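So you can see what is in the structure, the chains are spelled out below.
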Amino acid sequence: MTPTPPPTLSTISQIFLFALLISFKSVASSPEKTTPSFFIFGDSTVDVGNNNYINTVPGNRVNYPPYGQNGFFQKPTGRFSDGRVIVDFIAEYAELPLIPPSKQPNANFNNGVNFAAGGAGVLPETYQGLVIDLRTQLKQFDAVLNSINAELGDTAAGELIAKSVFFISIGSNDYLSYLSSPKMLEAFTPEDLVGMVIGNLSEAIQQLYNKGARKFGALSIGPMGCCPALRAANPKADGGCFEDFSALALAHNNALSGVLLSFEFILKGFKYAFSSGFYRWQDEVMLNPSKFGFKDGTNACCGSGAYGGSYTCGINKEGGSYELCSTSEDFVWWDSYHGTEKTAKKIADALWDGPPEWVGPYNLKGLFSDYDERKVEDLVGTEETMGEFSF
Ligand SMILES: *[C@@H]1O[C@H](CO)[C@@H](O)[C@H](O)[C@H]1NC(C)=O
């Protein structure tokens, strides 16, 4: 008998790659496959369970009741929601199966990989040691890309990557951690911080582009200053939103909007969907919840303290208890930081085929369908069609 050595980091990553190689085999053997894959990066807004597999603090991991108990899953999965999160709906609309977390052993990564992890920031300083930051998520993508290249060959792999959609939802944690760290507040002005976050996020997008990604979806930061946790933490204690956060979020969204627009000019073939109109829309949902099918836009369904703003959902800290509403569909906010499944669906619906004042210049439906591209390619330079154009 050969003794079995304990698993090391490299054997673990070999197993991970092996699983990927197996699952991409069927892609290779079906050359007619035209479905784009879906790659997801970011934080708890789009995490589907990666934090279940890492060492972190309990608040960063939500694989316990009552998370996930609503509707679709009927059990906790690691999603920061009572059910599905935004990207689960997007996958469904794109006619893809649920995209599994990158760290899930033996998962089927045939249609994409979700690298997102709760608590993650753009900057490595954000909750360092407790989260999988964006840089690390990009490194994990490199490993996936290597295995796709090895399996499909460079040409087919390049085609697959070019038509796949790369979705990024990140940034809130950088600003949350900044506002709660006296050291960071001392060292950086708000302008410095937004500059660093946007600078690093731009570099990440450019790195993905350099590896062949062409279609990007980016989610703006929502009015997190109005989430139950920050409403409760608002030093003005007037029941209003935490304005310092809102100011950072708006500055972030405006800067990212500008970067994406300039990338469209500078980077050939770069296409994107950005939810520039979401902030005002989400504000409106919280102000007038009944107009959007909710009853409560202020309080968390699950939590404790003022507005349910204490992040205690499902955790019995020091013998303390938490409250749980009876109908989460009535609530915009599920816990003190995260929206309900119903909120996620509304955001996903708007990203998928929302009008230009919410999402643009493409919506995700436009990015996932390559019909328009084919049409353009077919028209340009072919003998039959050249004659139809007169200049
Ligand atoms: C990226 O973030 C680091 C801090 O982690 C900062 O020093 C650096 O200037 C940022 N890069 C850009 C391009 O903004």
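Above this text sits the structure in question.
These figures come from a predicted structure and were not determined experimentally. (Residues numbered from 1 in each chain as written. Predicted model: local features only at pLDDT ≥ 70, side-chain atom pairs only at ≥ 80, totals over all residues. Heavy atoms only, no water.)

Our next topic: the environment of Ser257. For Ser257, the location among the structural elements is in helix H9 (residues 243–266). Using a relative accessible area of 27% as the deciding quantity, one classes Ser257 as partly exposed. Between the C-alpha atom of Ser257 and that of Ser276, which follows or precedes it by 19 residues, the distance is 6.9 Å. (Helix = DSSP H or I, 4+ residues; strand = E, 2+ residues; numbered from the N terminus. Buried < 20%, exposed > 50% of the residue type's maximum accessible area, 1.4 Å probe, protein only.)

This part is about the sheet that holds strand S4 (residues 215–218). In space, the six strands of this open sheet follow the order S2-S1-S3-S4-S5-S10, with mixed pairing throughout. In the strand order of this sheet, the two ends are held by strand S2 (112–114) and strand S10 (360–361), each with one partner. As paired strands, S4 and strand S5 (residues 271–274) are joined by four bridges and run parallel to one another. For Gly217, the partnering residue across the bridge sits in S5 and is Ala273. (Pairing = 2+ DSSP bridges.)

Counted at 1.5 Å a residue, the expected span for helix H11 (residues 341–353) with its 13 residues is 18 Å, and the 18 Å between its end C-alpha atoms agrees. Elements in contact with the buried residues of H11: helix H2 (86–93), strand S3 (165–169), helix H10 (278–287), strand S9 (331–333) and helix H12 (364–368). (Expected span 1.5 Å × (residues − 1). Contact = heavy atoms within 4.5 Å.)

Of all hydrophobic cores here, the largest spans 94 residues; its most connected members are Phe38, Phe39, Phe41 and Leu351. With nine residues, helix H7 (residues 190–210) is the largest single contributor of residues to this core. Residue contacts for Phe38: discarding those within four places in its chain leaves Val87, Ile90, Ala91, Leu96, Ile99, Asn111, Gly112, Val113, Val165, Phe167 and Phe368. Of all hydrophobic cores here, the second largest spans 11 residues; its members include Tyr67, Ile315, Cys325 and Phe331. (Core = buried A, V, L, I, M, F, W, Y, C linked by side-chain atoms within 4.5 Å.)

With respect to burial, S3 is a largely interior element, five of its five residues being buried. Of the two faces of S3, both are covered, the one formed by Val165, Phe167 and Ser169 as well as the one formed by Phe166 and Ile168. In this structure, strand S1 (residues 38–42) lies alongside S3, joined through five bridges in parallel fashion. Counted as the bridge partner of Phe38 is Val165 from S3.

The environment of the ligand is made up of Leu123, Pro124, Glu125, Gly195, Met196, Gly199, Asn200 and Glu203. Contact distances for the ligand include 2.8 Å between an oxygen atom and a side-chain N or O atom of Glu125. Asn200 has a polar side-chain atom sitting 2.4 Å from an oxygen atom of the ligand. Protein chains bury 59% of the 360 Å² of accessible surface belonging to the ligand in isolation. (Near = heavy atom within 4 Å. Polar contact = N/O pair within 3.5 Å; in protein donor to acceptor, adjacent residues only side chain to side chain. Areas by Shrake-Rupley, 256 points an atom, 1.4 Å probe, with all protein chains shown as cover.)

Angle between the axes and distance between the axes: these two values describe a pair of packed helices. The N-to-C vectors of helix H3 (residues 134–152) and H7 enclose an angle of 5°; their axes lie 11 Å apart at closest approach. By the angle between their directions, the pair H3 and H7 is classed as roughly parallel. Listed contacts from H7 to Leu134, Arg135, Leu138 and Phe141 of H3 are Asn200, Leu201, Ala204, Gln207 and Leu208. For the contact of H3 with H7, a count of residues per class yields six nonpolar, two polar and one charged. (Axes fitted to C-alpha atoms, helices over the stretch in contact; angles between N-to-C directions. Parallel < 35°, antiparallel > 145°, perpendicular 65-115°, else oblique. Nonpolar A, V, L, I, M, F, W, Y, C, P; charged D, E, K, R; others polar.)

Any functional reading would require information that these geometric values do not contain.
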